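# Residue-level structure breakdown
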Amino acid sequence: MTALNQVLYTAHATSKGGRTGEAKSDDGKLSVTLSTPKELGGNGGEGTNPEQLFAAGYSACFMGALQLVASQQQAKLPADSTIDAAISIGPIDQGFGIAAKLTVNLTGMDKAQAEKLVNDAHQVCPYSNATRNNIDVTLAVNV
């Protein structure tokens, strides 16, 4: 396990009711209703779910890491760059597990440069570091 050298920020959120409850941040900026997808035996209600929240967090964090490494390498990312995160859930030997696929869309960029930036971002992104050797993470690059 790698310890933090310094804590720069700590987010706080509280959940109640599990997958059919709610989650709120301590500062009130996040307040979501949770519902279980039909594929997981739920009613597919109006709320979001932990996998969607993870997908949003991972894709946003990875974009930040991509912007950082691009800046360090004096590379210009396309203005319309996006990252599509797909977080899958399913049974594993003990309980359930998740897998992630990040599709990084860098339209018009040189393929080799785009792949290098994505691989470098994967080394510095906090979500990538947290998931490395814990879940399957697949990276795809579209140019």
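Residues numbered from 1 in each chain as written. Predicted model: local features only at pLDDT ≥ 70, side-chain atom pairs only at ≥ 80, totals over all residues. Heavy atoms only, no water.

Quick reminder of the rule: UniProt positions are given in the numbering used here, feature names are shortened, and annotations may be inferred rather than shown by experiment.
Looking up the protein in an unreviewed UniProt entry gives the name Organic hydroperoxide resistance protein OhrB, with the organism given as Marinomonas spartinae. Quoted verbatim from the Sequence similarities (unreviewed entry) field of UniProt, the annotation for the protein is "Belongs to the OsmC/Ohr family."

## Let's talk about the nonpolar core
Stated precisely, the cut-off is as follows: In this description, a nonpolar core means a group of buried Ala, Val, Leu, Ile, Met, Phe, Trp, Tyr and Cys residues linked to one another through side-chain atoms lying within 4.5 Å. With a 1.4 Å probe rolled over the protein chains alone, any residue whose accessible area is under 20% of its type maximum counts as buried; one over 50% counts as exposed, and the rest are partly exposed. Labels follow the DSSP assignment, with helices taken as runs of H or I lasting at least four residues and strands as runs of E lasting at least two, numbered in each case from the N terminus. Throughout, a contact is declared for two residues whenever any of their heavy atoms are within 4.5 Å.
Membership of the largest hydrophobic core comes to 23 residues, with the highest contact counts inside it found for Phe62, Leu66, Leu77, Val104, Leu106, Leu117 and Val118. Breaking this core down by element, the ones donating at least two residues are α1 (50–72), β4 (82–91), β5 (96–105) and α2 (111–124). Top element by residues in this core is α1. It accounts for eight residues. The residues touching Leu77, leaving out its near neighbours within four places in the chain, are Leu66, Gln67, Ala70, Leu106, Met109 and Leu117.

## Brief notes about the domain arrangement of the protein
Heads up, the condition is: Domain boundaries shown here were taken from an automatic or database domain assignment. When two components associate, each loses some accessible surface as probed by a 1.4 Å sphere; the sum of these losses over both components is called the buried area. Each reported salt bridge corresponds to a side-chain nitrogen of Lys or Arg within 4 Å of a carboxyl oxygen of Asp or Glu.
Looking at the assigned domains, one finds that the protein contains domain 1 (1–48) and domain 2 (49–141). Inter-centroid distance (C-alpha atoms) of domain 1 to domain 2 is 20 Å. Of the residues lining the interface, eight residues belong to domain 1; the matching set on domain 2 comes to six residues. Around 550 Å² of area is buried between domain 1 and domain 2 when both sides are counted, 63% of it from carbon and sulfur atoms. Of all residues in domain 1, the largest losses of buried area upon contact with domain 2 belong to Arg19, Leu40 and Thr48, amounting jointly to 70% of the total for that side. Remark: the boundary between domain 1 and domain 2 carries one salt bridge. Between Glu51 and Arg19 there is a salt bridge, with its nearest N and O atoms 2.5 Å apart.

## With respect to the side chain of Thr36
Note on placement: Thr36 falls in the loop between β3 (31–33) and α1. Excluding residues that lie within four positions of it along the chain, Thr36 makes contacts with Arg19, Thr20, Gly42, Asn43, Gly44 and Gly45.

## Let's talk about the packing of aromatic side chains
Going by this rule: Only Phe, Tyr and Trp rings take part, Trp by its six-membered ring, and two of them pair if their centres are within 6.5 Å. Stacked means planes under 30 degrees apart, edge-to-face means over 60, and tilted covers everything else.
Under the criterion given, the structure shown has four aromatic pairs. Ring centres of Phe54 and Tyr58 lie 5.8 Å apart, and the angle between their planes is 75°; on these two criteria the pair is classed as edge-to-face. Here Tyr58 and Phe54 lie together in helix α1, a separation of four residues that amounts to about one turn. Judged by relative accessible area, which is 22%, Phe54 ranks as partly exposed. Given the relative accessible area of 0%, Tyr58 is considered buried. By way of ring pairs, the aromatic residues Phe54, Tyr58, Phe62 and Tyr127 are connected into one cluster.

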